[in-house]
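What follows is the residue order along each chain.
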Amino acid sequence: MDHPKTAEVLFEEAVKMGLHPLWLTDYGLFSFQVEEKTGYVFYARNMFNSNLSGFLAIDKHTTRTILQQHHLPNIPFGMFSTQEEVQQFLNQHQIIVAKPVFGSTSKDVHMISNADEIPEISFEKYIFEKFIKGREMRYLVFQSNVVAVHEKSYEGLINDPAKVKRIAYPKEQWDEQLVQLSQQITNKLFMKFAAVDYLVDEDGKAFVLEVNSSPGLYFFEHPTTGPGIKIARMFLEETVKAITHI
């Protein structure tokens, strides 16, 4: 079966923990056994975030609106219904990005620097954001604590997940302000497990790029460079606790 890398990492750790995991699908769902109870792990969902908190994160417009409501470091954004409105936003910010409201992994992302580049798309299904050039940082939050920090390094203006390098930072190099901000953001979204992504511009100012309610775990275990963490074991240990208390 062709399981996603995160599912593979979790399954392998479940084997080491003696949980007797069993693949149920070829898209990342497996069961495990603990104290005569059956639990389930699915790489794209988890037991630590509610359906509501997952929606608040996956809907990019909703995330931006909540960030704006709480005066958190947001990227200028808008949703528009006509090309003229998009043109006005472009005139204001020079370079903008169009992203599917429910998109993921940089799929169907459009960089726009002039009117001719405005794509023929259903505008109501996209959010438009000011393009900000900067280092892309990811802060992983688990059970309300930041447990890992990565820099996502890639060539070009748009992240290609297939080519990205993950540089893991030791704890002494974490930005304490972004640690606290990540905890604040996940609390506002009622999330116990999430990755908060930032763009840090050349002046050191950070903007929230997005919040991921089901971040991949593989690269936190196996970063390109820097220290890895045993996030799969942490994830499974807390999942087992939740199952045994049901």
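What you are looking at is a predicted structure, and each value in this text was computed from that prediction instead of being measured.

S.K.: Tell me about the overall build of the chain, and name the residues and values.
M.R.: Helices and strands together make up the secondary structure of the chain, namely seven helices and twelve strands. Taking 2.2 N^0.38 as the reference for a compact globule, 246 residues should give roughly 18 Å; the C-alpha atoms of the chain span a radius of gyration of 19 Å, in line with that estimate. Considered along the principal axes of its C-alpha atoms, the chain spans approximately 60 × 40 × 35 Å. Among the 246 residues that make up the chain, the fraction classed as buried is 48%. Put simply, 58% of the contacts in the chain that link residues at least 6 apart link residues at least 24 apart. Side-chain charges of the chain comprise 24 positive and 31 negative groups, with the mean position of each set lying 4 Å from the other.

S.K.: Mind laying out helix H5 (residues 176–188), listing which residues take part and the relevant values?
M.R.: Here H5 is 13 residues long and its end C-alpha atoms lie 18 Å apart, about the 18 Å a rise of 1.5 Å per residue gives. Residues of H5 that are buried include every one of Leu 178, Val 179, Leu 181, Ser 182, Ile 185 and Thr 186, and no others. In a view along the axis of H5, the buried residues occupy a sector of 165°, so they form one face of it. In this structure, the buried side of H5 is in contact with helix H3 (60–69), strand E8 (135–142), strand E9 (145–153), strand E11 (193–200) and strand E12 (206–212). At the N-terminal end of H5, a side-chain oxygen is found 2.9 Å from the backbone nitrogen of Gln 177, two or three residues along, and the residue is Asp 175.

S.K.: For a nonpolar patch on the surface, give the residues involved together with the corresponding values.
M.R.: Where nonpolar side chains cluster on the molecular surface, the patch consists of Leu 52, Phe 55, Ile 58, Phe 102 and Phe 190 and spans about 520 Å² of accessible area. Relative to the helices and strands, Phe 190 is located in the loop between H5 and E11.

S.K.: Residue-level account of the sheet that holds E9, with values.
M.R.: Across the sheet, which stays open at both edges, the five strands sit in the order E10-E9-E8-E11-E12 with antiparallel pairing between neighbours. On the outer flanks of this sheet lie strand E10 (165–168) and E12, each paired with one strand and no other. For this sheet, the mean angle separating the axes of adjacent strands, direction not counted, is 30°. Strand direction decides the pairing type here: E8 and E9, joined by seven bridges, are antiparallel. For Phe 142, the partnering residue across the bridge sits in E9 and is Asn 145.

S.K.: How would you sum up the nonpolar core? Please name residues and give values.
M.R.: It is characteristic of soluble globular proteins that their nonpolar side chains tend to be buried jointly. Formed by 27 residues in total, the largest nonpolar core has its most connected members in Leu 10, Leu 140 and Ile 231. Residue contributions to this core peak at six residues, all from helix H7 (residues 231–244). Those residues in contact with Leu 10 that lie beyond four places of it in its chain are Phe 30, Val 41, Leu 217, Ala 232, Phe 235 and Leu 236. Counting 25 residues, the second-largest nonpolar core is a separate cluster that includes Trp 174, Leu 181, Ile 185 and Met 191.

S.K.: How would you sum up helix H1 (residues 5–16)? Please name residues and give values.
M.R.: A rise of 1.5 Å per residue sets the reference length of H1, with its twelve residues, at 16 Å; its end C-alpha atoms lie 17 Å apart and thus fit the reference within 8%. If you check which residues of H1 are buried, you get Thr 6, Ala 7, Val 9, Leu 10, Phe 11, Glu 13 and Ala 14. Residues of H1 that are buried sit in contact with strand E1 (22–23), strand E2 (29–34), strand E3 (37–42), helix H6 (218–221) and H7. At the exit of H1 stands Gly 18, carrying a positive phi of roughly 70°.

S.K.: Help me get a handle on the pattern of salt bridges, residues and values and all.
M.R.: Considering all chains together, one arrives at eight salt bridges under this definition. Here Glu 129 ties to Arg 64 by a salt bridge, and the two come within 2.9 Å at their closest N and O atoms. Taken together, the positions of Glu 129 in strand E7 (residues 126–130) and Arg 64 in helix H3 put the pair 65 residues apart, joining distant regions of the chain. Notably, a salt bridge pairs Lys 152 with Glu 136, separated by 3.3 Å at the nearest N-O pair. Note that Lys 152 is positioned in strand E9 and Glu 136 in strand E8, a separation of 16 residues in sequence. Lys 152 gets classed as buried once you look at its relative accessible area, which sits at 9%.

Thresholds applied
- Residues numbered from 1 in each chain as written.
- Predicted model: local features only at pLDDT ≥ 70, side-chain atom pairs only at ≥ 80, totals over all residues.
- Heavy atoms only, no water.
- Helix = DSSP H or I, 4+ residues; strand = E, 2+ residues; numbered from the N terminus.
- Rg over C-alpha atoms; globule rule 2.2 N^0.38 Å.
- Buried < 20%, exposed > 50% of the residue type's maximum accessible area, 1.4 Å probe, protein only.
- Contact = heavy atoms within 4.5 Å.
- Lys, Arg positive; Asp, Glu negative; His and termini not counted.
- Charge placed at Lys NZ, Arg CZ, Asp CG, Glu CD.
- Expected span 1.5 Å × (residues − 1).
- Arc of directions from axis to C-beta.
- Polar contact = N/O pair within 3.5 Å; in protein donor to acceptor, adjacent residues only side chain to side chain.
- Patch = residues over 30% accessible without salt bridge, like charges linked within 9 Å, V, L, I, M, F, W, Y side chains within 5 Å.
- Areas by Shrake-Rupley, 256 points an atom, 1.4 Å probe, with all protein chains shown as cover.
- Salt bridge = Lys/Arg side-chain N within 4 Å of Asp/Glu carboxyl O.
- Pairing = 2+ DSSP bridges.
- Axes fitted to C-alpha atoms, helices over the stretch in contact; angles between N-to-C directions.
- Core = buried A, V, L, I, M, F, W, Y, C linked by side-chain atoms within 4.5 Å.

Function-wise, these values are silent; they only describe arrangement.
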